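# An overview of the molecular structure
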Amino acid sequence: MQNIIGSSHEHMAFQILLHISDDRDFLCTLQTSKQMRNIASHQRIWKERMELYYPEYRELRLQTGLACKEFYPVASLIFRIAHQKKKNEQMYPIKKLADYIVNVDIDCDLIYQKIRHYGVHKTIFINCLCNKYKSPKVKSEKTFRLIVDFIKLDISFAHEIFSFFKYHNPKILFEIEVLLHTPTSSSGKAISVMNSVLIG
């Protein structure tokens, strides 16, 4: 791993960043100097913060295939979901998690299997994913298919994908019908991305 700590000042800056336990304070501190931003541009700070604050999500990160820097917001938001005492307090981090994962091509079901243990209902998670995906800024076909793969596990949510079609090639319409293993109904319903994530 590349050694980015080349002087006593850099070492001190690294240690300051490493030991700011609150992620929002950590991200704010990153903006205070070029040196801090340079440290954050490398994987090391994210890897060490993952090991220090979120060791329980190590296996999940490996399953996603993401590097520590890219996975860090996922771990942070899942941690916040897990430690909210009231259901209504969970909604904000759930929405932020959905905002992030539709831009990094993560297996949605993999994430859901983790957060469902904290009382997150599948309907809420799917609604957050779908509301985010309706944004014209999110057009990744890979992400589209990942969401469809997740939704198709429960046919009652199939109608949620209908509004996605305007962002994609119409041929996907026919592919989705095959994925869902269901004929087209008369209504069509059966066929039918660091600071902004953690601070906001």
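Predicted model only: the values in this text are computed from it and were never measured. (Residues numbered from 1 in each chain as written. Predicted model: local features only at pLDDT ≥ 70, side-chain atom pairs only at ≥ 80, totals over all residues. Heavy atoms only, no water.)

### A look at the overall build of the protein
Rules: Numbered from the N terminus, helices here are DSSP runs of H or I no shorter than four residues, and strands are runs of E no shorter than two. Classification of residues uses two cut-offs on accessible area relative to the type maximum, computed with a 1.4 Å probe and protein chains only: under 20% is buried, over 50% is exposed, and between them is partly exposed. Only the protein chains shown count as covering a residue, and every accessible area follows the Shrake-Rupley method with a 1.4 Å probe.
Within the protein, the regular secondary structure consists of twelve helices and zero strands. In the protein, the succession of helices and strands from N to C terminus is α-α-α-α-α-α-α-α-α-α-α-α. In the protein, which comprises 200 residues, the proportion classed as buried is 42%. For the protein, the accessible surface area stands at approximately 10600 Å², while carbon and sulfur atoms represent 54% of it.

### Quick word on the nonpolar core
Here is the rule: Throughout this description, the term nonpolar core refers to a set of buried Ala, Val, Leu, Ile, Met, Phe, Trp, Tyr and Cys residues connected via side-chain atoms within 4.5 Å. Contact between two residues is taken to exist if any of their heavy atoms lie within 4.5 Å; hydrogens are not considered.
Grouped together as the largest cluster of nonpolar side chains are 47 residues, with contacts concentrated most on Trp 46, Val 74, Leu 97, Ile 111, Ile 115 and Phe 125. No other element matches the eight residues that helix α6 (residues 68-82) contributes to this core. Sequence-distant contacts of Leu 97, defined by excluding residues within four places in its chain, comprise Val 74, Leu 77, Ile 78, Ile 81, Ile 111, Ile 115 and Phe 125.

### A few points about the environment of Asp 105
Here Asp 105 lies in the loop between α7 (87-101) and α8 (108-115). The class for Asp 105 is partly exposed, based on a relative accessible area of 27%.

### Considerations on the packing of aromatic side chains
Basically, it comes down to this: Think of it this way: a Phe, Tyr or Trp ring, Trp meaning its six-membered ring, pairs with another when their centres are within 6.5 Å, and the plane angle makes it stacked under 30 degrees, edge-to-face over 60, tilted otherwise.
In the structure shown here, the tally under the stated rule is seven aromatic pairs. When the ring of Phe 26 is compared with that of Trp 46, the centres are 5.4 Å apart and the planes differ by 85°; the resulting orientation is edge-to-face. With a gap of 20 residues between them, Phe 26 in helix α2 (residues 23-30) and Trp 46 in helix α4 (residues 43-53) connect regions that are remote in the sequence. Of the residues examined, Trp 46 reaches a relative accessible area of 3% and is grouped as buried. Between Tyr 54 and Tyr 72, the aromatic rings sit 5.5 Å apart at their centres with planes inclined by 70°, giving edge-to-face as the arrangement.

### Considering the packing of α2 against α4
Here is the rule: Only C-alpha atoms enter the line fits that serve as axes; for helices the fit covers just the stretch in contact. Angles between N-to-C directions range over 0 to 180 degrees. Any angle that is under 35 degrees is reported as roughly parallel, and any over 145 degrees as roughly antiparallel; angles of 65 to 115 degrees are reported as roughly perpendicular and all others as oblique. For any pair of crossing helices, the crossing counts as left-handed if the nearer helix is rotated counterclockwise from the farther one by less than a right angle, and right-handed if it is rotated clockwise. Note that Gly is not counted as nonpolar here; it falls among the polar residues with everything else outside the nonpolar set of Ala, Val, Leu, Ile, Met, Phe, Trp, Tyr, Cys and Pro and the charged set of Asp, Glu, Lys and Arg.
At their nearest, the axes of α2 and α4 sit 14 Å apart, and the two run at 165° to each other. Considering the angle they form, α2 stands roughly antiparallel to α4. For the crossing formed where α2 meets α4, the hand is right-handed. Contacts between α2 and α4 involve Asp 23, Phe 26, Leu 27 and Leu 30 from the former and Ile 45, Trp 46 and Arg 49 from the latter. Partitioning the contact of α2 with α4 into residue classes produces five nonpolar, no polar and two charged.

### Overview of the pattern of salt bridges
To be explicit about the condition: Salt bridge, as applied in this entry: a Lys or Arg side-chain nitrogen positioned within 4 Å of an Asp or Glu carboxyl oxygen.
Overall, the coordinates contain four salt bridges when judged by the stated rule. Across the salt bridge formed by Arg 24 and Asp 22, the nearest N and O atoms sit 3.9 Å from each other. A salt bridge links Lys 47 to Glu 51, with the nearest nitrogen and oxygen atoms 2.4 Å apart. Of this pair, Lys 47 and Glu 51 both sit in helix α4, four residues apart, roughly one helical turn. Residue Lys 47 is classed as partly exposed on the basis of its relative accessible area of 32%. Exposure remark for Glu 51: the relative accessible area of 48% places this residue in the partly exposed category.

### Some thoughts on α6
Stated precisely, the cut-off is as follows: Here the expected length of a helix is defined as 1.5 Å per residue gap, with one fewer gap than residues.
Taking 1.5 Å as the rise per residue, α6 with 15 residues should run 21 Å; its terminal C-alpha atoms sit 20 Å apart, in good agreement. Here α6 lies mainly inside the structure; eleven of its 15 residues are buried. All of the buried residues in α6 are Cys 68, Phe 71, Tyr 72, Pro 73, Val 74, Ala 75, Ser 76, Leu 77, Ile 78, Arg 80 and Ile 81.

Interpretation note: all reported values are geometric properties and have no functional meaning in isolation.
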